[in-house]
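Take a look at the letters that make up each chain.
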Amino acid sequence: MEVYISRSTGPLGGLSSIKVKVNGEDQGKLKNNDVTVAIAEGDTAEIAVNQSFFRSKPITVSDGDNVEVTLNPKFSPFYIGGVLAIILGGLMKIPLFLVVGMVCLVIVLVMSSNWFVITKK
């Protein structure tokens, strides 16, 4: 069975590849705007991706399916806001910015198991 997997995650996290897992086993890597073919035995397979500690929830696919990996739009603002708040807090010496930035990044870490979303096209 073959499944076509494309990645469209934009510039956030785009510098690094994501690992593709088919039925729990590594099958390759995807760069941003890249396409790969996952091969598995049987009629269905479970596909998931990860990049460092950021992961997706697995999805069950069938032969010939096309799936796309994207970023979860709910968490990107927390990541960008957290990084900017920490930078601004450090430059401007405002502790509140540092606290807000750290809270945003903790939210991202807690929700990192759903950072990527895999959808069938």
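An account of the accompanying structure is given in this report. Because the structure is a prediction, the values reported are computed rather than measured.

Regarding the environment of Trp115
Now for step 1: With respect to the helices, strands and loops of the structure, Trp115 is situated in the loop between helix H2 (95–110) and strand E9 (116–120).
Now for step 2: Put simply, Trp115 and Gly81 are 34 residues apart on the chain and 16 Å apart in space, counted from C-alpha to C-alpha.
Now for step 3: Sequence-distant contacts of Trp115, defined by excluding residues within four places in its chain, comprise Leu12, Phe54, Arg55, Thr70, Leu71, Asn72, Phe75, Ser76, Tyr79 and Val108.

Some points on a nonpolar patch on the surface
Now for step 1: A cluster of nonpolar side chains, namely Phe78, Leu96, Val99, Val100, Val103, Val106, Ile107, Val110 and Met111, defines an oily patch on the protein surface of about 740 Å² accessible area.
Now for step 2: By residue number, the principal contributor to the nonpolar patch is H2, which donates 7 residues.
Now for step 3: Along the chain, the position of Val99 falls in helix H2.

Some details on the packing of aromatic side chains
Now for step 1: For the coordinates displayed, the defined rule picks out 4 aromatic pairs.
Now for step 2: Arranged with centres 4.5 Å apart and planes meeting at 40°, the rings of Phe53 and Phe54 form a pair that is tilted.
Now for step 3: A ring pair is formed by Phe54 and Tyr79, whose centres lie 6.5 Å apart and whose planes are at 85°; its orientation type is edge-to-face. With Phe54 in strand E6 (residues 54–55) and Tyr79 in helix H1 (residues 76–92), the pair connects residues that are 25 residues apart, well separated along the chain.
Now for step 4: With a relative accessible area of 29%, Tyr79 lands in the partly exposed category.
Now for step 5: In textbook terms, an aromatic cluster arises when at least three aromatic residues are bridged by ring pairs, as seen for Phe53, Phe54, Tyr79 and Trp115.

The rules we used
- Chains are numbered independently. Their residues run from 1 in the order of the written sequence.
- The model is predicted, so local features are restricted to residues of pLDDT at least 70 and side-chain atom pairs to those at 80 or more, both for listing and for counting; the totals for chains, interfaces and linings are taken over all residues.
- Side-chain figures throughout are based on the complete set of non-hydrogen atoms in the structure, without hydrogens or water.
- Only DSSP runs of H or I with at least four residues qualify as helices, and only runs of E with at least two residues qualify as strands; both kinds are numbered from the N terminus onward.
- Throughout, a residue-residue contact means that at least one pair of heavy atoms, one from each residue, lies within 4.5 Å.
- Like-charged residues within 9 Å of one another, or nonpolar side chains (Val, Leu, Ile, Met, Phe, Trp, Tyr) within 5 Å, are grouped into patches, provided each residue has over 30% relative accessible area and no salt bridge.
- We get accessible surface area from the Shrake-Rupley algorithm with a probe of 1.4 Å; when it comes to residues, only the shown protein chains can shield them.
- For salt bridges, the criterion is a side-chain nitrogen of Lys or Arg within 4 Å of an Asp or Glu carboxyl oxygen.
- Note on ring pairs: Phe, Tyr and Trp rings are taken, using the six-membered ring of Trp, and paired if centres are within 6.5 Å. Classes follow the plane angle, with under 30 degrees stacked, over 60 edge-to-face and the rest tilted.
- The buried label goes to any residue with under 20% of its type's maximum accessible area, the exposed label to any with over 50%, and the partly exposed label to all in between, with areas taken from a 1.4 Å probe on protein chains only.

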